[in-house]
Structures are given as structure tokens and as C-alpha cells.
Amino acid sequence: MIGKKMEELINTQINAEMYSAYLYLSMSSWCSQHTWNGFAHWLRLQAQEELTHAMKFYDYLNERGGIVTLPAIDAPKAEWRDVLELFKEVYAHEQKVTGMINAMMAEAIKQKDYAAEIMLQWFVSEQVEEEANASEIVVKLEKIGPSAGGLFQIDHQLEKR
Ligand code: FEO
């Protein structure tokens, strides 16, 4: 059995992971429209990863006898000034998700919910990777500045993800 508070937090997190997938798909579509196919590819794969995150929480909640509620997913924005602005938002979004995961972990520890703690450990590690990946792209984009050649090079690198 799972506590009400943890059930509520997991339902909120399922929604947040689904929203992440929506956001990254919207970003991927914007990149495709602007012929940045490597950035689009990276974001599309990231959207798929977010769906797997949502399903991990979904499966866990069902296994623990909780009730999955699935409220509506907010619509993401669809326009960005350039890829640097877009990836800064990816990074900021991942930092926000890390905060949510950490808050869940704090609640699991407070409630002595050891099963939730073990499940959340995977997400704590995953967020380290997610933030590092987004941050690396932002740093590279900042380094090259408005150089079209540099942008094409990064776009080409990300196509191989
Ligand atoms: Fe599901 Fe990108 O964190």
C-alpha cells in the first residue's frame, strides 16, 4: 500500500514527465521547421525518454496499489528565438524536474517509504545525466555564438545520438 501524499506526488510526476515529452516534441518540431535536423532528432529521442519516465512512475503506482489519476497535460510553447534560447529552456526544465524528484525523495525519507526511496534513486541518478546533457549543449552553443558553421557542426553531432 502507498501513502496518500506519495500517491499524489507520483501522479503529479507522471503528468510532469508527460509534459516534458510534449515540450520536447514541440521543440523538436520547431527545430525541424528551421532545418536543424540534428537538434530535432536529439529532442525527439528525449521526448521518448520522458515517456519511459512517465511509465516507470505509472507502473510503480499500480504495483503499489495506488490510483493513477491522469489529469490533462498543459500545452507547451511552440516558438523560440533561436536554438540557444531553446536549449537554455531544456536545461531550466530539467533543473525544475530535479527539484520535483528531490522533493519526492525527501517525502519518501520522511515517511520511511523504503520502496519509494529505492525507486526514486534511479531518477536521482537519471537527473544528474539529464542536466549534464542539456548543460553541455548550452555551453557549446554559448561558445560558438552566432557562428553558422559552429551551429551546423553541433547539429550534425546531435544527429548521431
Ligand atoms: Fe524525465 Fe528529463 O526528466
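Residues numbered from 1 in each chain as written. Predicted model: local features only at pLDDT ≥ 70, side-chain atom pairs only at ≥ 80, totals over all residues. Heavy atoms only, no water.

**Focus on the overall build of the protein**
Reasoning step 1: Counting its secondary structure elements, the protein contains five helices and zero strands.
Reasoning step 2: Its helices and strands in sequence order give the protein the pattern α-α-α-α-α, from N to C terminus.
Reasoning step 3: Principal-axis analysis of the C-alpha atoms gives the protein an extent of 55 × 25 × 25 Å.
Reasoning step 4: When each of the 161 residues of the protein is scored for burial, the buried share is 42%.
Reasoning step 5: Accessible surface, the protein: about 8,600 Å² in total, of which carbon and sulfur atoms supply 57%.
Reasoning step 6: Between the centroid of the 15 positive side chains of the protein and the centroid of its 24 negative side chains there is a distance of 2 Å. (Helix = DSSP H or I, 4+ residues; strand = E, 2+ residues; numbered from the N terminus. Buried < 20%, exposed > 50% of the residue type's maximum accessible area, 1.4 Å probe, protein only. Areas by Shrake-Rupley, 256 points an atom, 1.4 Å probe, with all protein chains shown as cover. Lys, Arg positive; Asp, Glu negative; His and termini not counted. Charge placed at Lys NZ, Arg CZ, Asp CG, Glu CD.)

**A look at the side chain of Glu17**
Reasoning step 1: Position of Glu17 among the secondary structure elements: in helix α1 (residues 4–33).
Reasoning step 2: Although buried, Glu17 forms no salt bridge, and the nearest oppositely charged side chain, Lys56, lies 11 Å from it.
Reasoning step 3: A polar atom in the side chain of Glu17 sits 3.4 Å from the side chain of His53.
Reasoning step 4: With residues near it in sequence (within four places) discarded, Glu17 still touches Glu50, His53, Ala54, Phe57, Val97, Ile101 and Phe123. (Salt bridge = Lys/Arg side-chain N within 4 Å of Asp/Glu carboxyl O. Polar contact = N/O pair within 3.5 Å; in protein donor to acceptor, adjacent residues only side chain to side chain. Contact = heavy atoms within 4.5 Å.)

**So, α1**
Reasoning step 1: Helix length check: α1, at 30 residues, gives a terminal C-alpha distance of 44 Å against a target of 44 Å (1.5 Å per residue), a fit within 8%.
Reasoning step 2: Within two residues after α1, Thr35 carries a phi angle of roughly 60°, on the positive side. (Expected span 1.5 Å × (residues − 1).)

**Concerning the nonpolar core**
Reasoning step 1: Formed by 23 residues in total, the largest nonpolar core has its most connected members in Cys31, Phe39, Leu43, Leu86, Phe87 and Val90.
Reasoning step 2: Contributions of two or more residues to this core are made by α1, α2 (37–63), α3 (83–110), α4 (114–144) and α5 (148–158).
Reasoning step 3: Excluding residues that lie within four positions of it along the chain, Phe87 makes contacts with Phe39, Trp42, Leu43, Ile137, Val138 and Leu141.
Reasoning step 4: One finds Tyr60, Ile101, Ala108 and Phe123 within the second-largest nonpolar core, a separate group that totals 16 residues. (Core = buried A, V, L, I, M, F, W, Y, C linked by side-chain atoms within 4.5 Å.)

**Quick look at unusual backbone geometry**
Reasoning step 1: Despite not being glycine, Thr35 shows a phi value in the positive range, around 60°.
Reasoning step 2: Inspection of the secondary structure puts Thr35 in the loop between α1 and α2.
Reasoning step 3: On the basis of relative accessibility, which here comes to 56%, the residue Thr35 falls in the exposed class.
Reasoning step 4: Look at Lys112: it is not a glycine, yet its phi comes out positive at around 55°.
Reasoning step 5: Looking at the element boundaries, Lys112 is found in the loop between α3 and α4.

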